[in-house]
Amino acid sequence: SAQGRGVQDHYNSLKDTHRKIDSGSDILNLKNLNNWTKSVLIGKYTKRNDVVLDFACGKGGDLPKFKNAQISHWIGMDIADASIDDARARLGGGAGGNARHSFNFTHETYAADFSEPDIVRQLIGSKPVDIVSCQFAFHYCFESEYKARSCLKNIAGNLKPGGHFIA
């Protein structure tokens, strides 16, 4: 959709930055609060050896949180292919990656819109996951009722019984 392309273009244009006190961000404190909230939710609901499907994974900023939770497999999906490139670099420790993090879980990454019908099954097949995480991006699937229903089906249809949706 046109709105989806606009979102994709916006996030493709963003550079990977770190949250430092001297970053110059006007909303650094809010970003830090959001980051802490995500850490608490991931820490509470994610268990050792879980398989995680991370919708709107962005540049992979939550990867260290999932590492701390000792997951076994991470599947990252984001509409912005530039963000997926950054997440891949972070996972590999290459350009833009963070050398102090080595990730001890397997991973897959996909540039795709998580609100497209059946996109998860098209990309990864019928591998149910323990956790679906969608941090600060769930609202994008509400462009229309059709996309919202598709997104909710992608979440519910790919969670194991007893799994958790973290948003």
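For the structure itself, consult the block above.
Presented here is a report on the structure given in the accompanying data block.

Conventions adopted
- Residues numbered from 1 in each chain as written.
- Predicted model: local features only at pLDDT ≥ 70, side-chain atom pairs only at ≥ 80, totals over all residues.
- Heavy atoms only, no water.
- Buried < 20%, exposed > 50% of the residue type's maximum accessible area, 1.4 Å probe, protein only.
- Helix = DSSP H or I, 4+ residues; strand = E, 2+ residues; numbered from the N terminus.
- Pairing = 2+ DSSP bridges.
- Phe/Tyr/Trp six-rings, centres within 6.5 Å; stacked < 30°, edge-to-face > 60°.
- Patch = residues over 30% accessible without salt bridge, like charges linked within 9 Å, V, L, I, M, F, W, Y side chains within 5 Å.
- Areas by Shrake-Rupley, 256 points an atom, 1.4 Å probe, with all protein chains shown as cover.
- Salt bridge = Lys/Arg side-chain N within 4 Å of Asp/Glu carboxyl O.

Focus on the pairing of strand 4 (residues 129-134)
Working step 1: In terms of burial, strand 4 is largely enclosed, as six of its six residues are buried.
Working step 2: Taken together, the four bridges between strand 1 (residues 51-55) and strand 4 define a ladder with parallel strand orientation. Residue Val52 lies in a different strand from strand 4, and its bridge partner there is Ile131.
Working step 3: Of the pairings in the sheet, the one linking strand 4 to strand 5 (residues 159-166) comprises four bridges and is parallel in character. When the sheet's bridge partners are listed, Val132 is paired in strand 5 with Phe165.

Thoughts on the packing of aromatic side chains
Working step 1: Counted by the stated rule, this structure contains four aromatic pairs.
Working step 2: Taken together, a centroid distance of 5.5 Å and an interplanar angle of 55 degrees make the contact between Phe103 and Phe105 tilted. Take Phe103 and Phe105: they sit in the same class, and that class is buried.
Working step 3: Plain terms: the ring middles of Phe138 and Phe165 are 5.3 Å apart, the flat faces sit at 65 degrees to each other, and that makes the pair edge-to-face. Remark: Phe165 occurs in strand 5 and Phe138 occurs in the loop between strand 4 and helix 6 (145-156); sequence separation between them is 27 residues.
Working step 4: What links up through ring pairs into an aromatic cluster is the set Phe138, Phe142 and Phe165.

Digging into a nonpolar patch on the surface
Working step 1: A contiguous nonpolar surface patch, about 500 Å² in accessible area, is contributed by Ile27, Leu30, Leu33, Trp36 and Val40.
Working step 2: Among the secondary structure elements, Val40 is positioned in helix 2 (residues 28-45).
Working step 3: By relative accessible area, which is 39% here, Val40 ends up partly exposed.

What about the pattern of salt bridges?
Where charged atoms of side chains with opposite charge meet at close range, the side chains can pair.
Working step 1: If you walk through the whole model with that rule in mind, you get 11 salt bridges.
Working step 2: Taking the shortest distance from any N to any O, the salt bridge between Lys147 and Asp113 comes out at 3.0 Å. With Lys147 in helix 6 and Asp113 in the loop between strand 3 (106-111) and helix 5 (119-124), this pair connects stretches of sequence that are 34 residues apart. Each member of the pair, Lys147 as well as Asp113, is classed as buried.
Working step 3: Residues Glu116 and Lys147 are paired through a salt bridge, measuring 3.8 Å at the closest nitrogen-oxygen approach. One end of the pair, Glu116, is in the loop between strand 3 and helix 5; the other, Lys147, is in helix 6, with 31 residues separating them in the sequence.
Working step 4: By relative accessible area, Lys147 is classed as buried at 8%.
Working step 5: Three or more residues joined by partner-sharing salt bridges are found here, namely Asp113, Glu116, Glu143 and Lys147.

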